[in-house]
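Here are the chains, one letter per residue:
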Amino acid sequence: MEKALRITKVESCVISVMEKLPILSYYTTSRGWSFLISWGHRLAGLTLVGYMFAHIYTLSLLFTPATFDADMKLLHNFVFSFLEWALAIPLIFHSLNGGRLILYELFHMREDEILIRCMVILGLIYILMLGFFFVEESRQIAVAPFWSITLAVSLFASFIVLNKIWRTGNSILWKLQRITGAFMIPMLLGHMLFMHMNYLTGHNSKTILLRMQNPFMKGLDLVFILLLLFHAGYGVFSIIADYIKPGLILRSLTFVVIIVMAISAFFGVRLIVAL
Ligand code: HEM
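Below, the structure is looked at part by part.

Cut-off values and rules
Residues numbered from 1 in each chain as written. Predicted model: local features only at pLDDT ≥ 70, side-chain atom pairs only at ≥ 80, totals over all residues. Heavy atoms only, no water. Helix = DSSP H or I, 4+ residues; strand = E, 2+ residues; numbered from the N terminus. Rg over C-alpha atoms; globule rule 2.2 N^0.38 Å. Buried < 20%, exposed > 50% of the residue type's maximum accessible area, 1.4 Å probe, protein only. Contact = heavy atoms within 4.5 Å. Areas by Shrake-Rupley, 256 points an atom, 1.4 Å probe, with all protein chains shown as cover. Lys, Arg positive; Asp, Glu negative; His and termini not counted. Charge placed at Lys NZ, Arg CZ, Asp CG, Glu CD. Salt bridge = Lys/Arg side-chain N within 4 Å of Asp/Glu carboxyl O. Axes fitted to C-alpha atoms, helices over the stretch in contact; angles between N-to-C directions. Parallel < 35°, antiparallel > 145°, perpendicular 65-115°, else oblique. Left-handed = near helix turned anticlockwise from the far one by under 90°. Nonpolar A, V, L, I, M, F, W, Y, C, P; charged D, E, K, R; others polar. Near = heavy atom within 4 Å. Polar contact = N/O pair within 3.5 Å; in protein donor to acceptor, adjacent residues only side chain to side chain. Donors = N, O, S within 2.8 Å, 3.2 Å for Na, K, Ca; no water. Tetrahedral: all angles 85-135°; square planar, octahedral: opposite > 155°, others 65-115°. Expected span 1.5 Å × (residues − 1). Core = buried A, V, L, I, M, F, W, Y, C linked by side-chain atoms within 4.5 Å.

1. Quick word on the overall build of the chain
Working step 1: A tally of regular secondary structure across the chain gives twelve helices and zero strands.
Working step 2: Counting from the amino terminus, the chain carries its helices and strands in the arrangement α-α-α-α-α-α-α-α-α-α-α-α.
Working step 3: Its C-alpha radius of gyration of 20 Å places the chain within 12% of the 19 Å reference for a compact globule of 275 residues.
Working step 4: Counting only C-alpha atoms and orienting by the principal axes, one finds that the chain spans roughly 60 × 50 × 35 Å.
Working step 5: Across the 275 residues of the chain, 39% fall into the buried class.
Working step 6: Taking the contacts inside the chain whose residues are at least 6 apart along the sequence as the reference set, 78% of them involve residues at least 24 apart.
Working step 7: In the structure as shown, the chain presents an accessible area of about 16,600 Å², 74% of it carried by carbon and sulfur atoms.
Working step 8: Averaging the locations of the 21 positively and 14 negatively charged side chains of the chain gives two centres separated by 6 Å.

2. Considerations on the pattern of salt bridges
Working step 1: What the rule picks out here adds up to four salt bridges.
Working step 2: Measuring nitrogen to oxygen at the nearest pair gives 2.8 Å for the salt bridge that ties Asp242 to Arg42. Residue Asp242 is located in helix α11 (residues 215–243), and its partner Arg42 is located in helix α3 (residues 33–60); the two are separated by 200 residues in the primary sequence.
Working step 3: Since its relative accessible area comes to 53%, Asp242 is described here as exposed.
Working step 4: Among the ionic pairs, Asp112 bridges to Arg100, the shortest N-O distance being 3.1 Å. Remark: Arg100 occurs in helix α6 (residues 88–107) and Asp112 occurs in helix α7 (residues 112–136); sequence separation between them is twelve residues.

3. Describing the packing of α6 against helix α9 (residues 172–197)
Working step 1: In the contact formed by α6 and α9, the axes pass within 10 Å of each other and the chain directions differ by 140°. In terms of orientation, α6 and α9 fall into the oblique class. Considering only the axes of α6 and α9, their crossing is left-handed. Residue-level contacts link Ala88, Leu91, Ile92, Ser95, Gly99, Ile102, Glu105 and Leu106 of α6 to Trp174, Arg178, Ala182, Ile185, Leu188, Leu189 and Met192 of α9.
Working step 2: Looking at side-chain class alone, the contact of α6 with α9 contains eleven nonpolar, two polar and two charged residues.

4. Looking at the side chain of Thr28
Working step 1: Inspection of the secondary structure puts Thr28 in helix α2 (residues 22–30).
Working step 2: By relative accessible area, Thr28 is classed as buried at 11%.
Working step 3: In this structure Thr28 touches Glu19, Trp33 and Leu36, once residues within four positions along its chain are discounted.

5. Observations regarding the site of the ligand
Working step 1: Contacts to the ligand come from 23 residues, most closely from Arg42, His94, Ser95, Gln177 and His231.
Working step 2: The separation between a nitrogen atom of the ligand and a polar side-chain atom of His94 is 2.8 Å.
Working step 3: Take His231: an N or O atom from its side chain is 2.8 Å from a nitrogen atom of the ligand.
Working step 4: Where the shell around the ligand is concerned, the elements lending two or more residues are α3, α6, α9 and α11.
Working step 5: Residue composition of the shell around the ligand, grouped by class: ten nonpolar, eleven polar and two charged.

6. Side note on the coordination of the iron atom of the ligand
Working step 1: Each protein donor to the iron atom of the ligand is listed here as His94 (NE2) and His231 (NE2); together their distances run 2.1 Å.
Working step 2: One way to put it: the six donor atoms around the iron atom of the ligand meet at angles of 86 to 180°, and that makes the site octahedral. With His94 in helix α6 and His231 in helix α11, this pair connects stretches of sequence that are 137 residues apart. The two residues His94 and His231 agree in class, both being buried.

7. Regarding α7
Working step 1: For α7, spanning 25 residues, the distance from its first C-alpha to its last is 36 Å, which sits close to the expected 36 Å at 1.5 Å a residue.
Working step 2: Listing the buried residues of α7 in full gives Leu115, Met119, Gly123, Tyr126, Ile127, Leu130, Gly131, Phe133 and Phe134.
Working step 3: For α7, the elements touching its buried residues are α5 (78–86), α6 and α9.

8. Details of the nonpolar core
Working step 1: Within the largest apolar cluster, 42 residues are counted, with the highest numbers of intra-cluster contacts made by Met52, Tyr126, Leu130, Trp147, Met192 and Phe224.
Working step 2: Residue contributions to this core peak at ten residues, all from α9.
Working step 3: For Phe224, the contacting residues outside a window of four places in its chain are Phe183, Met184, Met187 and Leu188.
Working step 4: Leu59, Leu61, Ile208 and Leu275 belong to the second-largest nonpolar core, a separate cluster that totals ten residues.

As structure tokens, this is what we get:
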């Protein structure tokens, strides 16, 4: 028989506050928490897609470093820095919940309550850690060791998922969604951590260009952007396919998603190669 998880006082307090909030209370009582978590996953995924396009655009300003520096100077204020930090919330939520889904689907880990509790604790630690580096500002982390370790962890995570998913009967695109997700957990969380640890120099064109011109970083950035665009594109497609029946409209929208991602890939790759 499965043991019921004991809810701590802090958890029951947070849950009861959330259940009193206007919109949340309606959905927690009518649809339950798992419905809200999958909606949160979806909304966080779409937020990250929006940020990804904005990020490709800001990086394209590096072609004229003076413009990039002027823009960064303009954006170096409390509100923008706070928003940059706040982006970690959808990122960590989508990453950890994505990891939980992978564990559920492929590794048959069905202890949802324990996993959700781990997600909350790890998420809080990550967000507070970023907040700490954000307040502390000046710090320098060596590029090569940081990214070599992150890449090794990413490759290991994706290899484990690949090994498990290989023989399942799911479509190749579905499998790739999980493999790219596993690859991105260390890469994306590492990226955000790295940028907060090197906050001041991380927003300076000279330092960014120097890092992006390193052949190892160029290779890594190329692999990363292609995997990210695939994951984002397939994610948007699966959301659309949830609402629209197979037919001409779905085919047209799928075509639009492919074109948008292909154009983004073109600009992203050109940016990485040419800078
Ligand atoms: C950081 C590691 C990430 C992991 C582990 C991850 C994992 C996942 C998983 C497992 C799914 C499938 C969910 C399902 O079918 O129910 C998914 C969907 C999705 N992901 Fe990610 N993802 C990550 C990063 C990203 C990023 C950076 C973006 C955007 C740029 C993104 C956008 C999406 C979108 C739009 C969906 C579709 C959501 C839905 O169907 O509800 N993901 N992700």
